[in-house]
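Overview (structure and organization)
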Amino acid sequence: MIRLFVGIILLTCLIGPTFAAPDAAKVNNAEFKGKPPVDDRIDPAVVKAQVLLDRANFSPGEIDGKLGENAQKALKAFAEAKGLAINKPLTSEVWSALIATSPDAIIVDYNITEKDVKGPFLKKLPGKMEEMKGLKSLDYTSPREAIAEKFHMGEALLAALNPGKKFDQAGQTISVANLAAKETKPVVTRVEVDKTSQTVKAFADSELVAFFPATVGSDEKPTPGGVLKVISIDANPYYRYNPDYKFKEVKSRRAFTIKPGPNNPVGTYWIGLSAEGYGIHGTANPSKVSKAESHGCVRLTNWDIDKLAKLLKKGTEVAFIERSAAN
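The rules behind these values
- Residues numbered from 1 in each chain as written.
- Predicted model: local features only at pLDDT ≥ 70, side-chain atom pairs only at ≥ 80, totals over all residues.
- Heavy atoms only, no water.
- Salt bridge = Lys/Arg side-chain N within 4 Å of Asp/Glu carboxyl O.
- Helix = DSSP H or I, 4+ residues; strand = E, 2+ residues; numbered from the N terminus.
- Buried < 20%, exposed > 50% of the residue type's maximum accessible area, 1.4 Å probe, protein only.
- pLDDT = per-residue confidence, 0-100.
- Contact = heavy atoms within 4.5 Å.
- Expected span 1.5 Å × (residues − 1).
- Polar contact = N/O pair within 3.5 Å; in protein donor to acceptor, adjacent residues only side chain to side chain.
- Core = buried A, V, L, I, M, F, W, Y, C linked by side-chain atoms within 4.5 Å.

This part takes up the pattern of salt bridges. Evaluated as defined, the whole model comprises seven salt bridges. Salt-bridge contacts for lysine 73 lead to glutamate 69; the nearest nitrogen and oxygen are separated by 3.4 Å. You can see lysine 73 and its partner glutamate 69 sitting in helix H4 (residues 69-81), four residues apart, about one turn around the helix. Judged by its relative accessible area of 40%, glutamate 69 falls in the partly exposed class. For arginine 144, the salt bridge goes to glutamate 155, with nearest N and O atoms at 2.9 Å. Of this pair, arginine 144 sits in helix H8 (residues 143-150) while glutamate 155 sits in helix H9 (residues 155-161), placing them eleven residues apart in sequence. Salt bridges sharing partners connect three or more residues here, namely Arg190, Glu192 and Glu317.

This part covers the confidence of the model for the chain. Per-residue confidence for the chain gives a mean pLDDT of 88, with 89% of residues at or over 70. Taken together, the stretch residues 1-19 has pLDDT below 50 and engages in one contact with residues farther than four places along the chain or on a different chain.

When you tally the buried positions in helix H10 (residues 302-309), you get six out of eight residues, the bulk of the element. Those residues of H10 that fall on the buried side of the exposure criterion are Asn302, Trp303, Asp304, Ile305, Leu308 and Ala309.

This part is about helix H3 (residues 44-55). With twelve residues, H3 ought to run about 16 Å at 1.5 Å a step, and its terminal C-alpha atoms sit 17 Å apart, in line with that. Every buried residue belonging to H3 is among Ala45, Val46, Val47, Lys48, Ala49, Gln50, Val51, Leu52, Leu53, Asp54 and Arg55, and all of these are buried. For H3, the N-terminal capping position is held by aspartate 43, with its side-chain oxygen 2.9 Å away from the main-chain nitrogen of alanine 45. Once H3 ends, the next one or two residues include asparagine 57, with phi positive near 70°.

Leu98, Met153, Leu158 and Ile174 are the most contacted members of the largest nonpolar core, which has 41 residues in total. Counting only elements with at least two residues in this core, the list comes to H3, H4, helix H5 (92-99), strand S1 (107-111), H8, H9 and strand S2 (173-177). Leaving out residues up to four positions away in the same chain, isoleucine 174 has contacts with Val108, Asp109, Tyr110, Ile112, Ile147, Leu158, Asn162, Lys165 and Phe167. Counting 27 residues, the second largest nonpolar core, distinct from the first, contains Val209, Leu273, Ala275 and Leu311.

Here it is, written out as structure tokens:
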């Protein structure tokens, strides 16, 4: 019996302590305790900060409850816009400013609708572009993926907030991010794409009205420089591959077309720019924004490209900026 007891203690030490999954109450009542989280667990206070940033039009990218690169970019942009000094990912002053932006609950109940579960859904998203060209549409792969994207959430966070739920039954009540936001739609007069920090800023005259993390080009296909203009804004675009692009992962020497859908290579919107073949667009992989290279274009999450597209008009200037690493 003593050996069994000692064994349990040793096993507990090896595994480490267990942590309760986040729930709506923990997130809604979360307070910043002065120190940002230092590990990779979902943190209720970070979920709260990310939802508030999203509402304020400072997108953290995918809301995942982790203080990663994109959340830190959004916090920095928010602090700068409020005239606050920030020498840490999150401070008490920035937290207070975020809390002041909205009194609404962060996590709320949502009843899954027939539309959420109706589909159609792909059995599997092909990994290669050539394999996508024969599909009727590039749909979501599951109701869970569709619902997560609808509420700007990572699937892991959605699952953590709803243990035991499969998200495939209409009428089921689940917990989701409350994205209530201001309906004002300022006319954006200029967009800045920062190639160094991998961000996109939208301005109405000199006022910053929206901020987004982005994937901006790659070593193989860098983005252009200088100032371009918006020449087209297309929802649910087809993707047309030109063999002249010579993407290293595409073997086809013939042009082909991929039909629309949220998992299309350019996502749900294409904002065409005045340099042939270049644009700002969505993605099938929101968790990879800022973390994976693009084919020369500017890639946002689908919900961010939807928001940006609705703020723009043809002729809007898009400036590509390359700052020094020290600046």
